[in-house]
Amino acid sequence: MTGQSATPDRTWLEVDLGAVVRNAREVMAANPAARLLPMVKANAYGLGAVPVAQALEQVDPWGFGVATAAEGRELREAGIKRPIMLFSPVSESLPLAARYDLTPALGGPSQVRAWRAIAEGRPFHVQIDTGIGRAGIWWEVFRDRAAEFCDAPGFEGVFTHFHSSESDPASVREQWRRFQAAVAALERRPRYVHAANSGAALNHPETAGDMVRPGIFLYGGRAGNRAAEPVVTWKARIFEVGWREEGATVSYGATFRVKGRMAIATMAAGYADGIHRVLSNVGEVLVSGRRVRIAGRVTMDMTVVWSSGWAPEEGSVATIIGRDGAEEITLDEHAAQAGTIAHEVLTSIGPRVARVYR
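From a predicted model like this one, the values you see are computed outputs, not experimental measurements.

**So, the overall build of the protein**
Counting secondary structure elements, the protein contains 12 helices and 21 strands. Principal axes of the C-alpha set define a box for the protein whose edges measure 75 × 40 × 35 Å. Within the protein, buried positions represent 54% of all 358 residues. Partitioning the contacts of the protein with sequence separation of at least 6, the portion at a separation of at least 24 is 65%. Surface exposure of the protein reaches about 15000 Å², of which carbon and sulfur atoms provide 49%. In the protein, 40 positive and 39 negative side-chain charges are present, and the distance between their average locations comes to 1 Å.

Next comes the structure, spelled out in structure tokens:
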């Protein structure tokens, strides 16, 4: 294994790059006529954009997707030569995008004019809002002004984004209908037409278009009814263990009181590392192949767990996400315990958690 630390001292994330590649191949198998545009924004959902992109080179993707120009610059400086799509450009980022040969996703004529003033003739894609209501030009407006885009030098592609690809098939069909109506208004079809994220690529392959844009599925999260191969294992060392008697309290606010006699073990990871505070008193981790529950409030640097009838050993390792013996806490299960989604769990894991790659 390689990573930030060969022997992590507190807490670390083991990233299986082979599993990332196998998940990518599963997406490709479901969409054989489409190119792959993996989303490696937000540091590849917290796993490391450069090592993830380098691993995915073996599946010959069309390019990579990022959210900021700085993320694109990092990939270019690491030697990535493929197209890099900039999906959340602001006007102030366009000069940096041009400098590092990024392809921006633009939301309307004013942004197109701004890009052309900086990088005349360089490629760009236009985002069409078919219902997500977040970014892009509304599909009916695009349909009525399609001629303005056809003649713009560098106009290479159009795309949309589904708001409920994992849960609402009817909404996918309606957004796809709107998108097709907008594209049909163009006098010439652009080189790339794309729409599908992880959920759509795996559950609605009819929306594949020329490219699919998987994100969370690559990193081990479910996409609708499709389970990905696990990618991450998150571990933390137990550095202190002690027995407490009836009535003793644990952590800030004394929200946990010992019942009977319990072993209290302290892990070297807290909310500054990415363990959501909402997991206080309810979250679970694995120790020695057994599930144990969090005791008291999660704190910035430490989290306490309890057991009854046995005690973990000091220096042993707790598994926050992953498998330990016959037991497993999946990424999606951990997210459900925290009342959130796998995307937020991964992107919340802080920089002081060492990434170890295999």
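Back to the write-up after that little detour.
**Side note on unusual backbone geometry**
Leaving glycine out, the prevailing phi sign among residues is negative, and the prevailing peptide bond configuration is trans. We note that Ala 254 has phi near 50°; this positive angle belongs to a residue other than glycine. Within the secondary structure, Ala 254 sits in the loop between β13 (249-250) and β14 (256-257). The exposure class of Ala 254 is partly exposed, given its relative accessible area of 31%. In the Ramachandran plot, Asn 281 falls in the positive-phi region, its phi being about 70° despite a non-glycine side chain. Within the secondary structure layout, Asn 281 lies in the loop between β15 (262-267) and β16 (284-287).

**With respect to the environment of Ala 98**
One can find Ala 98 in helix α5 (residues 94-99). Given the relative accessible area of 13%, Ala 98 is considered buried. The sequence separation of Ala 98 and Pro 123 amounts to 25 residues, and the corresponding C-alpha distance is 9.9 Å. With residues near it in sequence (within four places) discarded, Ala 98 still touches Trp 115, Ile 118, Ala 119 and Arg 122.

**Section: helix α4 (residues 69-77)**
Restricting attention to buried positions, one finds in α4 the residues Ala 69, Glu 71, Gly 72, Leu 75 and Arg 76. Summarising the axial view, the buried residues of α4 lie within an arc of 155°, below the 170-degree limit, and thus occupy one face. Buried positions along α4 lie against α2 (41-45), α3 (49-56), β4 (64-66), β5 (84-86) and α5. Once α4 ends, the next one or two residues include Gly 79, with phi positive near 100°.

**Section: the packing of aromatic side chains**
Tallied over the full model, the rule gives eight aromatic pairs. Between the aromatic rings of Phe 87 and Phe 159, the centroid separation amounts to 5.4 Å while the plane-to-plane angle is 85°, which identifies the pairing as edge-to-face. Highlighted residues: Phe 87 in the loop between β5 and α5 and Phe 159 in strand β9 (residues 155-159), separated in sequence by 72 residues. Both residues of the pair, Phe 87 and Phe 159, belong to the buried class. An aromatic cluster is present here, built from Phe 124, Phe 142, Phe 149 and Phe 155 joined pairwise through their rings.

**Brief notes about the pattern of salt bridges**
Across all of its chains, the model carries 23 salt bridges by this definition. Taking the shortest distance from any N to any O, the salt bridge between Asp 60 and Arg 35 comes out at 3.9 Å. Taken together, the residues span a long stretch of sequence, with Asp 60 in the loop between α3 and β4 and Arg 35 in strand β3 (residues 35-36) at a distance of 25 residues.

**Some thoughts on the environment of Ala 227**
Mapped onto the elements of the fold, Ala 227 is located in the loop between β11 (211-212) and β12 (232-244). For the pair Ala 227 and Ile 294, spaced 67 residues apart in sequence, the C-alpha to C-alpha distance is 27 Å. Apart from the residues lying within four places of it in its own chain, the contact partners of Ala 227 are Phe 217 and Arg 222.

**Quick notes on the packing of helix α1 (residues 17-30) against α3**
The contact between α1 and α3 brings their axes to 9 Å, and the two run at 55°. Our classification of the angle between α1 and α3 gives oblique. For the pair α1 and α3, the sense of crossing is right-handed. Mapping the contact onto sequence places Leu 17, Val 20, Val 21 and Ala 24 in α1 and Pro 51, Val 52, Ala 55 and Leu 56 in α3. Of the residues that constitute the contact of α1 with α3, the class distribution is eight nonpolar, no polar and no charged.

Procedures and definitions
Residues numbered from 1 in each chain as written. Predicted model: local features only at pLDDT ≥ 70, side-chain atom pairs only at ≥ 80, totals over all residues. Heavy atoms only, no water. Helix = DSSP H or I, 4+ residues; strand = E, 2+ residues; numbered from the N terminus. Buried < 20%, exposed > 50% of the residue type's maximum accessible area, 1.4 Å probe, protein only. Contact = heavy atoms within 4.5 Å. Areas by Shrake-Rupley, 256 points an atom, 1.4 Å probe, with all protein chains shown as cover. Lys, Arg positive; Asp, Glu negative; His and termini not counted. Charge placed at Lys NZ, Arg CZ, Asp CG, Glu CD. Arc of directions from axis to C-beta. Phe/Tyr/Trp six-rings, centres within 6.5 Å; stacked < 30°, edge-to-face > 60°. Salt bridge = Lys/Arg side-chain N within 4 Å of Asp/Glu carboxyl O. Axes fitted to C-alpha atoms, helices over the stretch in contact; angles between N-to-C directions. Parallel < 35°, antiparallel > 145°, perpendicular 65-115°, else oblique. Left-handed = near helix turned anticlockwise from the far one by under 90°. Nonpolar A, V, L, I, M, F, W, Y, C, P; charged D, E, K, R; others polar.

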